[in-house]
Amino acid sequence: MEAYQTQNRFLNSEIHQVTKIWRKVAEKEKALLMKCAYLQAKNCQVESKYLAGLRRLQEAMGVEAGECSELLRQLIQEALQWEASEASADSVVLSPISEYDEYGFLTVPNYEVEDLRLLAKIQVLEVHSHHLLAHEAVEQPLRERWAALGELAPSPEIKQLLRAGVPREHRPRVWKWLVRLRVQHLQGPGRYQELLSRGQACKHPAARQIELDLNRTFPSNKHFTYPASSFPDRLHRVLLAFSWQNPAIGYCQGLNRLAAIALLVLDEEESAFWCLVAIVETIMPADYYSKTLLASQVDQRVLQDLLSEKLPKLMAHLGQRRVDLSFITFNWLLVVFADSLISNILLQVWDAFLYEGTKVVFRYALAIFKYNEEEILKLQDGLEIYQYLRFFTKTICDSRKLMNIAFNDMNPFPKKQLRQLRMAHRERLEAELHELEQLKAKYLETRAAQGPAVPEGCTSEDEGEAEP
């Protein structure tokens with residue numbers, strides 16, 4: 001018996017020693033992985049600066065001929081080429097940059113203009129660098145907090161977690177909960193299938209426009225461009241079902257992108273359909289997607305007021321150069337940045353938007369301009385500013401910085417102010433539209449009283465050709 005006890009103590013001691021060794025190895029492995037991530041992030045930053053240097057050299061040299069310009073062109077071409085095989089062959093690469101992101105979007109859009117492709121790759125390197133550096137400090141603790149949550153319920157903690165962004169593995173579950181909070185009074189058993197059956201029995205007037213827009217949905221996303229992908233057909237069914245769900249709207253350009261984002265995250269057709277219903281019927285104001293886009297026009301005027309209040313220096317700069325921001329921002333609000341931001345930042349915006357509503361969209365619209373304010377102020381020509389504004393949202397790579405600007409720097413941001421601005425601008429816009437309708441009616445009445453006016457020597461189409 002004593003021998004067994006001695007053997008047991010020996011085995012326990014051995015297990016204790018092995019456990020200590022295992023812990024040390026695990027800690028060392030974690031430290032090495034963190035160091036590897038840090039070094040890879042620094043490598044991305046160096047490569048980004050190298051590409052930015054090439055771009056500045058290209059701008060300085062212009063179209064000058066010579067060996068130097070030819071060498072520069074070769075260096076830029078090499079920099080723009082993807083070397084996926086190199087990444088897969090290198091066993092020590094911790095997190096290689098892939099051609100597509102986790103939701104199927106091209107990480108470097110295939111722009112026709114070489115300079116834009118170069119800028120896009122610089123931005124990808126910056127995003128990857130921020131991701132690697134933030135993984136242990138920010139993303140891992142955030143994942144642990146989401147994993148520790150039990151049943152989801154509205155609370156200040158949930159609000160803060162949603163603003164910080166939902167980890168990808170938790171996002172489908174969280175979005176389904178957010179959507180259910182908004183549409184549970186509209187949902188009924190078999191409702192989606194009922195709408196699909198109605199669409200099969202009778203062709204909706206919007207069906208043709210939906211089919212045309214399917215091919216325009218996210219051309220940079222492999223799920224909507226690969227011939228074998230099921231996403232276009234599923235998106236088609238979601239949009240047709242919505243056209244029967246809401247006959248007052250039927251279909252409006254932009255709904256395809258809202259539904260596509262929902263489908264990419266939720267994957268299930270019916271869940272994507274109810275997400276679209278939640279956005280159009282419970283989050284956005286009425287008439288946002290109507291034929292007149294009345295509420296969308298109102299929100300553009302509201303955004304102008306908020307920009308003047310929060311960023312007066314920038315608005316004065318743009319006003320002096322007669323830059324109309326609505327050419328850029330109208331689409332931002334209509335599709336909740338679906339075309340404008342890279343996917344990891346876009347979906348972080350949507351995480352908060354689905355919970356808090358349209359105030360989040362205004363916060364981020366202001367934050368985007370604040371994030372790039374210094375760069376815009378450097379531009380002096382109106383055309384140059386418009387060209388920059390076309391793609392500048394894609395240069396945003398630090399999601400934490402943007403979030404802090406949106407939810408801290410833009411404070412105070414009371415709901416009451418937003419509601420009052422909307423009411424005031426809606427009244428003005430409706431009065432303007434009413435005045436235009438009166439002018440139109442008066443013009444048509446005058447023309448009808450005058451009768452058809454045909455200049456001497458001319459014949460009207462109704463008279464036909466004169467006989468010879």
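Please refer to the structure higher up on the page.
Here goes a summary of the coordinates provided. (Residues numbered from 1 in each chain as written. Predicted model: local features only at pLDDT ≥ 70, side-chain atom pairs only at ≥ 80, totals over all residues. Heavy atoms only, no water.)

1. Some remarks on the overall build of the protein
Of the regular secondary structure elements, the protein holds 20 helices and zero strands. For the protein, the residues scored as buried account for 41% of the 468 residues in total. Considering only contacts in the protein between residues 6 or more positions apart, those separated by 24 or more positions represent 75%. When the accessible surface of the protein is summed, it comes to about 26,800 Å², and 53% of that surface belongs to carbon and sulfur atoms. (Helix = DSSP H or I, 4+ residues; strand = E, 2+ residues; numbered from the N terminus. Buried < 20%, exposed > 50% of the residue type's maximum accessible area, 1.4 Å probe, protein only. Contact = heavy atoms within 4.5 Å. Areas by Shrake-Rupley, 256 points an atom, 1.4 Å probe, with all protein chains shown as cover.)

2. So, a nonpolar patch on the surface
A cluster of nonpolar side chains, contributed by Leu433, Leu436 and Leu439, occupies part of the molecular surface with about 270 Å² of accessible area. Inspection of the secondary structure assignment puts Leu439 in helix H20 (residues 415–450). (Patch = residues over 30% accessible without salt bridge, like charges linked within 9 Å, V, L, I, M, F, W, Y side chains within 5 Å. Salt bridge = Lys/Arg side-chain N within 4 Å of Asp/Glu carboxyl O.)

3. Re the environment of Leu142
Within the element layout of this structure, Leu142 appears in helix H4 (residues 114–148). Leu142 sits 19 residues away from Leu161 along the chain, and the two C-alpha atoms are 7.9 Å apart. Sequence-distant contacts of Leu142, that is, excluding residues within four places in its chain, are made with Leu161, Ala164, Gly165 and Arg400.

4. A closer look at the side chain of His425
By the element assignment, His425 lies in helix H20. One polar contact links His425 to Arg428, side chain to side chain, over a distance of 3.3 Å. What His425 contacts, discounting residues up to four positions off in sequence, is Val298, Arg301, Val302 and Asp305. (Polar contact = N/O pair within 3.5 Å; in protein donor to acceptor, adjacent residues only side chain to side chain.)

5. Focus: the environment of Arg422
Tracing the backbone shows Arg422 in helix H20. Leaving out residues up to four positions away in the same chain, Arg422 has contacts with Pro285, Val298, Asp299, Val302, Thr358 and Phe362. Reaching out from Arg422, the side chain makes a polar contact with the side chain of Asp299 at a distance of 2.8 Å.

6. Some remarks on the packing of aromatic side chains
Using the criterion set out here, one finds 18 aromatic pairs in the structure. Taken together, Trp332, Phe337, Phe369, Tyr388, Phe391 and Phe392 form an aromatic cluster joined through their ring pairs. (Phe/Tyr/Trp six-rings, centres within 6.5 Å; stacked < 30°, edge-to-face > 60°.)

7. A short note on the nonpolar core
One broad rule of soluble globular proteins: the nonpolar side chains tend to lie buried together. Within the largest apolar cluster, 119 residues are counted, with the highest numbers of intra-cluster contacts made by Leu255, Ile279, Tyr289, Phe337, Phe369 and Leu389. In contact with Phe369, other than residues within four places in its own chain, are Leu307, Leu311, Leu314, Leu325, Thr329, Trp332, Ile376, Leu389 and Phe392. (Core = buried A, V, L, I, M, F, W, Y, C linked by side-chain atoms within 4.5 Å.)

8. Focus on the packing of helix H12 (residues 294–310) against helix H16 (residues 359–371)
Contact pair H12 / H16: the axes reach a minimum separation of 10 Å and the direction vectors enclose 50°. Considering their axes alone, H12 and H16 lie oblique with respect to each other. In the packing of H12 onto H16, the handedness of the crossing is right-handed. In this structure, H12 contributes Asp299, Val302, Leu303, Leu306, Leu307 and Lys310 to the contact, and H16 contributes Phe362, Ala365, Leu366 and Phe369. Class assignment of the residues belonging to the contact of H12 with H16 gives a composition of eight nonpolar, no polar and two charged. (Axes fitted to C-alpha atoms, helices over the stretch in contact; angles between N-to-C directions. Parallel < 35°, antiparallel > 145°, perpendicular 65-115°, else oblique. Left-handed = near helix turned anticlockwise from the far one by under 90°. Nonpolar A, V, L, I, M, F, W, Y, C, P; charged D, E, K, R; others polar.)

9. Re the pattern of salt bridges
Scanning the entire structure with this criterion turns up 20 salt bridges. Between Glu373 and Lys370 there is a salt bridge, with the nearest N and O atoms lying 3.2 Å from each other. Among the residues examined, Glu373 registers a relative accessible area of 7% and is labelled buried. When its relative accessible area of 34% is taken as the criterion, Lys370 is described as partly exposed. Each member of the salt-bridge network shares a partner with another, and the members are Glu139, Arg143 and Glu169.

10. Quick notes on the side chain of Glu356
By secondary structure assignment, the location of Glu356 is in helix H15 (residues 343–356). Residue class for Glu356 comes out buried when judged on its relative accessible area of 16%. Of note is the side chain of Glu356, whose polar atom sits 2.8 Å from the side chain of Arg163. Dropping the residues within four chain positions of it, Glu356 is found in contact with Lys159, Arg163, Arg182 and Phe407.

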